[in-house]
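As a plain string of letters, each chain reads:
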Amino acid sequence: MLGVAVIVVGIVVAIVLGVLATGAVAYLVADPALFLGAGLVVAVGVCFLLSRWGFGLSGVRRATSSAAGLAAAVGVAIVALAAMTILDPFPVQPKADAPKDVQYWELPTGSRIAYVHAAAATGPGAEAAGDLRPRRPGDPG
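Here's what I pulled together on the structure shown here. Numbering of residues begins from 1 in every chain and follows the order in which that chain's sequence is written. Side-chain atom pairs in this predicted model are given and counted only at pLDDT of 80 or more, local residue features only at pLDDT of at least 70, and totals for whole chains, interfaces and linings cover all residues. In computing side-chain values, all of the structure's heavy atoms are included and hydrogens and water are not.

### Here we look at the environment of Asp88
Within the secondary structure layout, Asp88 lies in the loop between helix 3 (63-84) and strand 1 (103-106). In the structure, Asp88 is positioned 62 residues away from Ala26 in sequence and 19 Å away in space, judged by C-alpha atoms. The contact criterion used throughout is that any non-hydrogen atoms of two residues lie within 4.5 Å. When neighbours within four sequence positions are excluded, Asp88 is seen to be in contact with Ala82 and Ala83. A run of H or I in DSSP becomes a helix once it reaches four residues, and a run of E becomes a strand once it reaches two; helices and strands are each numbered from the N terminus.

Structure representation (structure tokens):
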């Protein structure tokens, strides 16, 4: 019974450490293949080590091959879940022409911002959508 508990807890610990490794490597390197691969390697490696220990405690004769099979299954499940969620690319947006009334704001830094002027709403509840002016001491709000 202890071996089964070690295996179950090992899978959870492996996933948590894989996520932490992904975050740590992503903090250092901006290449998704590298940080996602590192997280997967850590998750599969930890899963293998802890499940090998659990299978050994359970008295399984082929603990190493059982642990390798379980770690491979966990790795495939992680890749499949990632492929269906975070690795699913956004759909390609169709190219659209700029609106005919688009205007450009030339900034002193050399940058350019495109905008379309929209008339202000009037009546109750009409509030400014945004304020681009810098705040000064004494400004309301």
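And the narrative resumes.
### Description of the nonpolar core
We call a set of buried Ala, Val, Leu, Ile, Met, Phe, Trp, Tyr and Cys residues a nonpolar core when their side-chain atoms join them within 4.5 Å. Exposed residues in this analysis have more than 50% of their type's maximum accessible area, buried residues have under 20%, and partly exposed residues fall in between, with area computed by a 1.4 Å probe over protein chains only. Among the nonpolar cores identified, the biggest contains five residues, and these are Ala14, Val46, Cys47, Ala71 and Val74. Going through the elements one at a time, helix 2 (32-58) and helix 3 are the ones with two or more residues in this core. With sequence-adjacent residues up to four places away left out, Ala71 is seen in contact with Val44, Cys47 and Phe48.

### Re a nonpolar patch on the surface
A grouping of Val9, Val12, Val13, Val16, Leu17 and Leu20 is seen on the molecular surface, where their side chains present a nonpolar patch of about 490 Å² in accessible area. For Val12, the location among the structural elements is in helix 1 (residues 2-28). Patch membership is restricted to residues that have no salt bridge and whose relative accessible area is over 30%. Joining uses 9 Å for like charges and 5 Å for the nonpolar side chains Val, Leu, Ile, Met, Phe, Trp and Tyr. Computed by Shrake-Rupley with a 1.4 Å probe, the accessible areas treat only the displayed protein chains as cover when residues are assessed. Whenever Lys or Arg places a side-chain nitrogen within 4 Å of a carboxyl oxygen from Asp or Glu, that contact is recorded as a salt bridge.

### Here's the deal with the environment of Val116
If you trace the backbone, Val116 turns up in the segment after strand 2 (112-115). For Val116, a relative accessible area of 40% corresponds to the partly exposed category. Between the C-alpha atom of Val116 and that of Glu106, which follows or precedes it by 10 residues, the distance is 14 Å. Non-local contacts of Val116, meaning those with residues more than four positions away in its chain, are made with Pro99, Asp101 and Val102.

### Concerning the packing of aromatic side chains
Pairing of aromatic side chains requires ring centres within 6.5 Å, counting the rings of Phe and Tyr and the six-membered ring of Trp. Pairs whose planes differ by under 30 degrees are stacked, by over 60 edge-to-face, and all others tilted. One pass over the structure, following the stated rule, counts zero aromatic pairs. A ring is scored as having a charge over it whenever the NZ atom of a lysine or the CZ atom of an arginine sits within 6 Å of its centre and within 35 degrees of its normal. A cation sits over an aromatic face here: Arg112 above Tyr104, 3.9 Å from the ring centre.

### Description of helix 3
Over its 22 residues, helix 3 runs 31 Å from end to end, which matches the ideal 32 Å to within 8%, given 1.5 Å per residue. What helix 3 keeps buried is the set Ala63, Ala67, Ala71, Val74, Gly75 and Ala82. Projected onto a plane normal to the axis of helix 3, the buried residues spread over an arc of 100° and lie on a single side. Summarising the geometry of helix 3, the exposed residues directed more than 90 degrees from the buried face are Val76 and Met84. Turning to helix 3, the residues buried within the fold contact helix 1 and helix 2. One fewer than the residue count of a helix, multiplied by 1.5 Å, yields its expected span. As used here, the arc is the angular range of directions from the helix axis to the C-beta atoms.

### What about the pairing of strand 2?
Of the strand pairs in this sheet, strand 1 and strand 2 are connected by four bridges, and their pairing is antiparallel. Within strand 2, the residue paired with Gln103 across the bridge is Tyr115. Taken together, strand 1 and the strand that follows it, strand 2, pair antiparallel across an intervening segment of five residues, in which Gly110 is found at a positive phi of about 100°. Two strands qualify as a pair provided DSSP detects at least 2 bridges between them.

### Focus on the packing of helix 1 against helix 2
With axes taken as lines fitted to C-alpha atoms, and helix axes fitted only over the stretch in contact, angles between N-to-C directions fall between 0 and 180 degrees. Where helix 1 meets helix 2, the axes come as close as 7 Å, and the angle between the chain directions of the two elements is 165°. In terms of orientation, helix 1 lies roughly antiparallel with respect to helix 2. The interaxial crossing formed by helix 1 with helix 2 has right-handed handedness. Counted by class, the contact of helix 1 with helix 2 contains 23 nonpolar, eight polar and no charged residues. Angles are sorted into four bins: roughly parallel if under 35 degrees, roughly antiparallel if over 145, roughly perpendicular if 65 to 115, and oblique for all others. By the definition used in this description, the sense in which the near helix is turned from the far one sets the handedness, with an anticlockwise turn below a right angle giving left-handed and a clockwise turn giving right-handed. Amino acids are sorted into nonpolar (Ala, Val, Leu, Ile, Met, Phe, Trp, Tyr, Cys and Pro), charged (Asp, Glu, Lys and Arg) and polar (every other residue, Gly among them).

### Thoughts on the packing of helix 2 against helix 3
It is at 8 Å that the axes of helix 2 and helix 3 come closest, and there the two elements cross at 145°. Viewed along their axes, helix 2 and helix 3 form a crossing whose handedness is right-handed. Across the interface between the two elements, Leu40, Ala43, Val44, Cys47, Phe48, Ser51, Arg52, Phe55 and Gly56 from helix 2 touch Ala63, Thr64, Ser66, Ala67, Ala68, Leu70, Ala71, Val74, Gly75, Ile78 and Val79 from helix 3.

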